[in-house]
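# Summary of structural features
For reference, the chains in residue letters:
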Amino acid sequence: MKQLKQLFDFYLDSSIHVALSCFALVNCTYLILNISINYSVALFAFFGTIVGYNFVKFDALARAKKNNMSWKLKAIAGLSFLALIIGIYYFLELQKITKIIASIVLILTLLYTLPFFPNKRNARNWAGFKIYIVAICWVGVTLLLPIINSDYKINFQIGILILQRLFLIFSLILIFEIKDLKNDDPHLKTVPQQIGVAKTKNLGFVLLILFIGLSSINCNFNYNINYNINYNINGNGNGNFNYQYLELNFVIAIVIGFFLFFSNENRSKYFTDFWVESIPIAWWLLYLFTK
């Protein structure tokens, strides 16, 4: 049992689970818009997430203990290096415009971790700024990359979808910020630090309500193969946002709301690092099983 727990902890600590969550959200985008899945984008997101998250979590620690690294840190470093090589391969498979978007996300990740100016803090320690960088990176990778790489026409309804994904990611991050409240530096000025846990939960519930409200708008628009938009009164037809889309979004919002309601600073890392990170995976599986 001890070995199984160590293996499971390595799975979480090496960012494989969060990478699978990112992979799932990319595939949700393809399923929502009825676009053929491009595995170069999905796998770039998967391996890029492993590299990005491990870099953010372990860069400073690895540099401080480069001569005395534990086996676990060495294994994570090795996995990250392998993921970097594979990620570069899939990056080269992307379209030029997609590479530009991916590069912007990379710059934001570096900005999040490394100080760009001497004697200045990195963006992770900028007061109140952390949550926005994380949310923008996730929306960029899981929504914009698959849309842009597929030459999908950017329009008003896609704008609504971007807002939806932003609200969804933001509400998930709030759960992590509540759980990390005791350990976060007070200078970070995270949302719970500024407005308290109760109001943070209320903010998350409002965002989830907005997520559902925007879903009800998009479910009545038809996206066809030629990227023309036609209003569909019945919410039926091929390649459209239909009421199944609304129902699945409602289910996932309820699940997030459940975890948000029961979140607190005393929860174990498994509550967020496994169960909350599993929500996008569950969302993806629901789409697969109901298509």
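The shown structure was predicted, so the numbers you read here are calculated from the model rather than taken from an experiment. Residues take numbers from 1 onward in each chain, read along the sequence in its written order. In keeping with the predicted nature of the model, local features appear solely for residues at pLDDT of at least 70, side-chain atom pairs appear and are counted solely at 80 or more, and the whole-chain, interface and lining totals rest on all residues. The side-chain numbers reported here are obtained from all heavy atoms of the structure, hydrogens and water having been left aside.

## Regarding the overall build of the protein chain
- The way it works is that DSSP assigns letters per residue, a run of H or I at least four long becomes a helix, a run of E at least two long becomes a strand, and they are numbered from the N terminus. Per the secondary structure count, the protein chain includes 12 helices and 2 strands.
- The N-to-C order of helical and strand elements in the protein chain reads α-α-α-α-α-α-α-α-α-β-β-α-α-α.
- Only protein chains enter the accessibility calculation, which uses a 1.4 Å probe; a residue is then buried when its area is under 20% of its type maximum, exposed when over 50%, and partly exposed in between. Looking at the 291 residues of the protein chain, the share that counts as buried comes to 48%.
- What makes two residues a contact is simply this: any of their non-hydrogen atoms within 4.5 Å. When contacts within the protein chain are restricted to residue pairs at least 6 apart in sequence, long-range pairs at least 24 apart make up 72% of them.
- A total of about 14,900 Å² of accessible surface is found on the protein chain, and carbon and sulfur atoms cover 66% of it. Method for areas: the Shrake-Rupley scheme with a 1.4 Å probe, in which residue coverage is limited to the protein chains shown.

## Observations regarding the packing of aromatic side chains
- Only Phe, Tyr and Trp rings are paired, with Trp represented by its six-membered ring, and only when their centres lie within 6.5 Å; those with planes under 30 degrees apart are stacked, over 60 edge-to-face, the remainder tilted. Taken as a whole and assessed by the stated rule, the structure comprises 18 aromatic pairs.
- Ring geometry for Phe23 versus Trp284: centroids 5.5 Å apart, planes at 85 degrees, classification edge-to-face. In this pair, Phe23 is assigned in helix 2 (residues 16–33) and Trp284 in helix 12 (residues 279–290), connecting sequence segments 261 residues apart. This pair shows no difference in class: Phe23 is buried, exactly as Trp284 is.
- Aromatic pair Phe259 and Phe271: ring centres 5.5 Å apart, planes at 55 degrees, arrangement tilted. With a gap of 12 residues between them, Phe259 in helix 10 (residues 243–261) and Phe271 in helix 11 (residues 269–276) connect regions that are remote in the sequence. The two residues Phe259 and Phe271 agree in class, both being buried.
- One aromatic cluster in this structure is built from Phe23, Phe46, Phe47, Tyr89, Tyr90 and Trp284.
- Whether a charge sits over a ring depends on NZ of Lys or CZ of Arg being within 6 Å of the ring centre and within 35 degrees of the ring normal. When the ring centre of Phe91 is taken as reference, the NZ or CZ atom of Lys99 above it lies at 6.0 Å.
- Lying across the ring of Phe261, Lys201 places its NZ or CZ 6.0 Å from the centre.

## Overview of the side chain of Asp9
- Among the secondary structure elements, Asp9 is positioned in helix 1 (residues 2–13).
- Setting aside residues no more than four positions away along its own chain, Asp9 makes contact with Lys72, Lys269 and Tyr270.

## Focus: the packing of helix 2 against helix 12
- Each axis is a line fitted through C-alpha atoms, and for a helix only the stretch in contact is used; angles between axes span 0 to 180 degrees, taken between their N-to-C directions. The N-to-C vectors of helix 2 and helix 12 enclose an angle of 35 degrees; their axes lie 8 Å apart at closest approach. Crossing handedness for the pair helix 2 and helix 12: left-handed. Between helix 2 and helix 12, the contacting residues are His17, Leu20, Ser21, Phe23, Ala24, Leu25, Asn27, Cys28, Leu31 and Ile32 on the first element and Pro280, Ile281, Trp283, Trp284, Tyr287 and Leu288 on the second.
- Any residue that is not Ala, Val, Leu, Ile, Met, Phe, Trp, Tyr, Cys, Pro, Asp, Glu, Lys or Arg is counted as polar, Gly included; the first ten are nonpolar and the last four charged. Residue composition of the contact of helix 2 with helix 12, grouped by class: 13 nonpolar, 3 polar and no charged. For any helix crossing, the convention is left-handed if the near helix is rotated counterclockwise from the far helix by under a right angle, and right-handed if that rotation is clockwise.

## Regarding empty space enclosed by the protein
- Cavities and pockets were defined on a 1 Å grid built from protein atoms only: a cavity is a group of points that admits a 1.4 Å probe but offers it no way out, a pocket is an open group of points flanked by protein on both sides within 12 Å along at least five of seven lines, and a lining residue is one with an atom within 4 Å of any such point. Grid points are joined across faces, edges and corners, and a volume is the space filled by probe spheres set on the points. Summed over the entire model, instances satisfying the criterion amount to 1 cavity of 30 Å³ or more.
- In this structure, the largest cavity encloses a volume near 40 Å³.
- Around the largest cavity sit Ile32, Leu161, Gln164, Arg165, Phe211, Tyr245, Asn249 and Trp283, which together line it.
- The element best represented in the lining of the largest cavity is helix 7 (residues 156–179), accounting for 3 residues.
- Looking at the lining of the largest cavity, its residues break down into 5 nonpolar, 2 polar and 1 charged.

## Side note on the environment of Ile86
- Inspection of the secondary structure puts Ile86 in helix 4 (residues 71–92).
- When the C-alpha positions of Ile86 and Phe47 are compared, they lie 6.9 Å apart, and in sequence the two are 39 residues distant.

## Topic: the packing of helix 6 (residues 130–149) against helix 7
- Interaxial distance between helix 6 and helix 7 falls to 9 Å at its minimum, and their mutual angle equals 140 degrees. One finds that helix 6 runs oblique with respect to helix 7. Like other packed secondary-structure pairs, helix 6 and helix 7 cross with a definite hand, here right-handed. Here helix 6 contributes Ile131, Tyr132, Val134, Ala135, Trp138, Val139, Thr142, Leu143, Leu144 and Ile147 to the contact with helix 7, which in turn contributes Ile158, Leu161, Ile162, Arg165, Leu166, Ile169, Phe170, Ile173, Leu174 and Glu177. Here the angle decides the label: under 35 degrees means roughly parallel, over 145 means roughly antiparallel, 65 to 115 means roughly perpendicular, and every other value means oblique.

## Examining the nonpolar core
- In this description, a nonpolar core means a group of buried Ala, Val, Leu, Ile, Met, Phe, Trp, Tyr and Cys residues linked to one another through side-chain atoms lying within 4.5 Å. Of all hydrophobic cores here, the largest spans 72 residues; its most connected members are Val276, Trp283 and Tyr287.
- Among all residues touching Trp283, those that are not within four sequence positions of it are Leu25, Cys28, Ile32, Arg165, Leu168, Phe211, Leu248, Asn249 and Ile252.

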